[in-house]
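# Notes for the structure review
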Amino acid sequence: MKNGRFDYNLPGVEIKESTRGCCFPLSEKLDKVRRLEEGGVAAVVMYSLFEEQILRESLQLDHFLNFGTESFAEATTYFPEMGHFTLEPEVYVDRLHSIRQAVSIPVIGSLNGVSTGGWIEYARKIEQAGADALELNLYYLPTDPDLTSAELEDTYVQLVSDVRNSVKIPLAVKLSPFFTTLPNLARRLVKAGAQGLVLFNRFYQPDFDLEALEVVPHLELSTSSELRLPLRWVSLLYGRISADLAITSGVHTPEDMIKSIMAGASATMVASEFLSKGIGRAAEMIAGFQHWMEEKEYISTMQMKGSMSQRSIADPAAIERSNYMKVLNSYQS
Ligand SMILES: Cc1cc2nc3c(=O)[nH]c(=O)nc-3n(C[C@H](O)[C@H](O)[C@H](O)COP(=O)(O)O)c2cc1C
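Calculation notes
- Residue numbering note: each chain is counted from 1, following its sequence as written.
- A pLDDT threshold of at least 70 governs which residues receive local features in this predicted model, and a stricter bar of 80 or more applies before side-chain atom pairs are shown or counted, although totals over entire chains, interfaces and linings include all residues.
- The basis for every side-chain value is the complete set of heavy atoms in the structure, and neither hydrogens nor water enter the calculation.
- For this purpose, a residue is taken to be near a molecule or strand whenever a single non-hydrogen atom of the residue falls within 4 Å of it.
- What qualifies as a polar contact is a pair of N or O atoms within 3.5 Å, subject to a donor-acceptor requirement within protein and to the restriction that residues adjacent in sequence count only when both atoms come from side chains.
- Per-residue and other accessible areas follow the Shrake-Rupley method at a 1.4 Å probe size, with only the shown protein chains counted as cover for residues.
- What counts as a helix is a DSSP run of H or I of at least four residues, what counts as a strand is a run of E of at least two, and both are numbered from the N terminus.
- When residues are grouped by polarity, Ala, Val, Leu, Ile, Met, Phe, Trp, Tyr, Cys and Pro land in nonpolar, Asp, Glu, Lys and Arg in charged, and all others, Gly among them, in polar.
- Counted as salt bridges are all cases of a side-chain nitrogen of Lys or Arg within 4 Å of a carboxyl oxygen of Asp or Glu.
- Between two residues, a contact is recorded if the distance between any of their heavy atoms is within 4.5 Å.
- Pairing of aromatic rings covers Phe, Tyr and the six-membered ring of Trp, with a centre-to-centre limit of 6.5 Å; geometry is then stacked below 30 degrees between planes, edge-to-face above 60, and tilted otherwise.
- A ring has a charge above it when a Lys NZ or an Arg CZ is no more than 6 Å from the ring centre and no more than 35 degrees off the ring normal.
- Each residue gets one of three labels from its accessible area relative to the maximum for its type: buried under 20%, exposed over 50%, partly exposed in between, using a 1.4 Å probe on protein chains only.
- Convention adopted: a line fitted to C-alpha atoms gives each axis, helices being fitted over their contacting stretch, and angles between N-to-C directions are expressed from 0 to 180 degrees.
- Orientation categories follow fixed angle ranges, with anything under 35 degrees roughly parallel, anything over 145 roughly antiparallel, 65 to 115 roughly perpendicular, and all other angles oblique.
- What the arc measures is the spread of directions leading from the helix axis to the C-beta atoms.
- Values of pLDDT, the confidence the predictor places in each residue, fall between 0 and 100.
- Two strands are counted as paired when DSSP detects at least two bridges linking them.
- Handedness of a crossing is defined here by the sense of rotation of the near helix relative to the far one, left-handed for an anticlockwise turn of less than a right angle and right-handed for a clockwise turn.

This next bit is on the site of the ligand. Neighbouring residues of the ligand: 20 residues in total, closest Ser48, Asn137, Ser222, Gly250 and Ser272. Separating an oxygen atom of the ligand from a side-chain N or O atom of Lys174 is a distance of 2.8 Å. Within the side chain of Ser272, an N or O atom sits 2.5 Å from an oxygen atom of the ligand. In isolation the ligand exposes 610 Å². Once the protein is present, 87% of that is buried. For the shell around the ligand, the secondary structure elements donating two or more residues are β1 (44-50), β3 (133-137) and α10 (272-277). Residues that form the shell around the ligand fall into these classes: 10 nonpolar, 7 polar and 3 charged.

Below is the structure:
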């Protein structure tokens, strides 16, 4: 980060051929979004428009208006290889508009960025294109030892406040789980204008290819076991911050949906399950959810919402420590 802004001098990780064309398989095509609606999903979040895409386009324009080839080449070294993200920002906005016209469920735009700046004007463009809400995905891996957590969190809070001031539609913030004091940051983000928190971003951990001696980005779809992390945090945050909570990461079955609601989530979000088993899973999961409710005689989701949260526990941190000790003691070889 330099002068309150992040730089983009990212290592040149090559995108492997096998991952090409797979990036936005759910929300890119109109027919898929229509089928998701028919399957009963309550809303669709579009794939993200990245800060880098927007800045790159404005640099390109700047170059054509003012500079020679070399200066542009130098400037673009600060950007990751665009790979899949070749869509121009305006095309993103047009596509969102077409999807909005094609379905009647809410369509949520998604911006992925980490620094404040002119690019957040796109929040307004997404709103004007008809988005029912905006999700701001904060995805940044701090690698600079001089950058403190307080500085990074201040930047995030400022960004949320700037985006909040650009639009009137509801704003949700998608976070990673890697913060020292997540509840405090969550509360600050809500104070800055986030009405919803989406827990959590999955960091895609790169692997080493020992034959080619290359770092390879490795996209593995999630499994239900990954639900536990957002489940724990939603159950800890529910009732302690005044925002709606959504769970993403590890929702694969009706049971995963039920657990999420019981933890306190207002929404469960699904990507990997639909990618691996197809969009038809939406209707199956919803039917399974309803069947479970009927069997257990729940009359509404509100009745179960937050019922397994830690809302009424005075000191959840102490319970967490005691559970940690219990879990270690419970192991039997
Ligand atoms: C192929 C693929 C593309 C994705 N693209 C985006 C994206 O553009 N923006 C975003 O916020 N999340 C994106 N995600 C993350 C998902 O929205 C979701 O948060 C994550 O996969 C965890 O949910 P899951 O366990 O249901 O897969 C993507 C995930 C996959 C697998």
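Attention now goes to the pattern of salt bridges. Side-chain pairing between opposite charges can occur once the charged atoms of the two side chains come close. Considering all chains together, one arrives at 9 salt bridges under this definition. Between Arg188 and Asp154 there is a salt bridge, with the nearest N and O atoms lying 2.8 Å from each other. One end of the pair, Arg188, is in helix α7 (residues 182-191); the other, Asp154, is in helix α6 (residues 149-166), and 34 residues separate them in sequence. Residue Arg232 pairs with Glu320 through a salt bridge whose shortest N-O separation is 2.6 Å. With a gap of 88 residues between them, Arg232 in helix α8 (residues 228-237) and Glu320 in helix α13 (residues 316-330) connect regions that are remote in the sequence.

Within the secondary structure, Asn112 sits in strand β2 (residues 107-112). With residues up to four places along the chain from it excluded, the contact list for Asn112 reads Ser48, Leu49, Phe50, Glu51, Trp119, Asn137 and Tyr139.

Let us look at the packing of aromatic side chains. This model, assessed by the stated rule, comprises 3 aromatic pairs. On the numbers, 5.6 Å between centres and 20° between planes, the contact of Trp292 with Tyr298 is stacked. Just above the ring of Tyr122 sits the side chain of Lys125; from NZ or CZ to the centre is 4.7 Å.

For the rest of this paragraph, the subject is the environment of Ala42. Relative to the helices and strands, Ala42 resides in the loop between α1 (30-38) and β1. Look at Ala42 and you get exposed, because its relative accessible area is 61%. Counting along the chain gives 227 residues from Ala42 to Met269, while the straight-line C-alpha distance between them is 9.8 Å.

This brings us to unusual backbone geometry. Excluding glycine, a negative phi dihedral is what most residues carry, and trans is how most peptide bonds are arranged. Geometrically, the link from Leu199 to Phe200 is a cis peptide bond, its omega value of 0° lying close to zero. On the secondary structure map, Phe200 appears in the loop between β5 (196-199) and β6 (207-209). We note that Leu213 has phi near 50°; this positive angle belongs to a residue other than glycine. Mapped onto the elements, Leu213 comes out in the loop between β6 and β7 (214-216).

Put simply, α8 and helix α9 (residues 254-263) touch, their axes get as near as 8 Å, and they point 25° apart. In terms of orientation, α8 and α9 fall into the roughly parallel class. Residues Leu231, Val234 and Ser235 of α8 touch α9, and the partners they reach there are Lys259, Ser260 and Ala263. Across the contact of α8 with α9, the residue classes break down as 3 nonpolar, 2 polar and 1 charged.

Here the focus is α7. Of all the residues in α7, the buried ones are Leu182, Leu185, Ala186, Leu189 and Val190. One side of α7 holds all its buried residues, which, seen down the axis, span an arc of 135°. Exposed side chains of α7 directed beyond 90 degrees from the buried face belong to Arg187 and Lys191. Against the buried residues of α7 lie α6, β4 (171-175), β5 and α8.

On to the confidence of the model for the protein. Model confidence for the protein is summarised by a mean pLDDT of 85, while 83% of its residues fall at 70 or above. A low-confidence stretch, residues 1-23 stays under pLDDT 50, and its non-local contacts, those more than four residues away or across chains, total 45 contacts. In the predicted structure, residues 67-79 sits below a pLDDT of 50 and forms 18 contacts with residues beyond four places in sequence or in another chain.

Further remarks concern the sheet that holds β3. Strand pairing within a sheet occurs via backbone hydrogen bonds; the two strands may be parallel or antiparallel. Here 7 strands make up an open sheet; going across it, the order is β1-β2-β3-β4-β5-β8-β9 and the pairing parallel. At either margin of the open sheet sits one strand with a lone partner, and together these are β1 and β9 (267-269). Neighbouring strand axes in the sheet, compared pairwise and without regard to direction, differ in orientation by 25° on average. Strand direction decides the pairing type here: β2 and β3, joined by 5 bridges, are parallel. Bridge pairing links Ser110 to Glu135 in β3. Those strands touched by helix α4 (residues 89-102) are β1 and β2, and its axis lies near 170° from that of β1.

The geometry of helix α5 (residues 121-128) relative to α6 is characterised by a closest axis approach of 8 Å and an angle of 40° between their N-to-C directions. If you check the angle between α5 and α6, you find them oblique. Note that α5 runs across α6; the crossing there is right-handed. On the side of α5, the interface is formed by Ala123, Arg124 and Glu127, while α6 contributes Val163, Asn165 and Ser166.

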